[in-house]
Amino acid sequence: MTRSRALMTAEQYDATANFLRTRARTREAARMVLVDGATRTAAAEACGITRQACSYTVKRILAAHNAILEAYLAILDGGSVEFRIHDRTKT
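Keep in mind that what you see is a predicted model, and the values were worked out from it rather than measured.

Colleague: Explain the packing of helix H1 (residues 10-17) against helix H4 (residues 51-76) to me, and be specific about the residues and the numbers.
Modeller: Geometry of a packed helix pair, given as the angle between the helix axes and the separation of the axes. Where H1 contacts H4, the two axes come as close as 9 Å, and the packing angle between them is 95°. Put simply, H1 runs roughly perpendicular to H4. On H4, the residues touching Gln12, Tyr13, Thr16 and Ala17 of H1 are Ile61, Ala64, His65 and Ile68. Looking at side-chain class alone, the contact of H1 with H4 contains 5 nonpolar, 3 polar and no charged residues.

Colleague: Quick rundown of the environment of Ala64? Include the residues and the values.
Modeller: Tracing the backbone shows Ala64 in helix H4. Each C-alpha atom, one on Ala64 and one on Leu20, is 8.4 Å from the other, the two residues being 44 residues apart in sequence.

Colleague: If you had to explain the side chain of Thr16 to someone new, which residues and values would you point to?
Modeller: Along the chain, Thr16 turns up in helix H1. Within the local environment of Thr16, its side chain forms a polar contact with the side chain of His65, the two groups lying 3.4 Å apart. Those residues within four positions of Thr16 in sequence are excluded, and the remaining contacts are Ile61, Ala64, His65 and Ile68.

The rules behind the values
Residues numbered from 1 in each chain as written. Predicted model: local features only at pLDDT ≥ 70, side-chain atom pairs only at ≥ 80, totals over all residues. Heavy atoms only, no water. Axes fitted to C-alpha atoms, helices over the stretch in contact; angles between N-to-C directions. Helix = DSSP H or I, 4+ residues; strand = E, 2+ residues; numbered from the N terminus. Parallel < 35°, antiparallel > 145°, perpendicular 65-115°, else oblique. Contact = heavy atoms within 4.5 Å. Nonpolar A, V, L, I, M, F, W, Y, C, P; charged D, E, K, R; others polar. Polar contact = N/O pair within 3.5 Å; in protein donor to acceptor, adjacent residues only side chain to side chain.

The quantities given are spatial measurements derived from coordinates; they are silent on function.
Here you go:
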């Protein structure tokens, strides 16, 4: 399999991908690209999907990962955080 470069750790991938609904084969292909460093073409062929489906899923997972990072980086840069807990006992 042709190698490219890994873009995230397995832990980062799992944490991010769990927020998205994806099919098993496209999720596995995206993992091969993002964690293992496979090319999109090689990952798509290995999982029996199109390169376009693989690319789309990779882009979705990267976008979600970046949104999570930006939210936490904003906090570290001095942004304020409000935690709101919904109290179900009150009506």
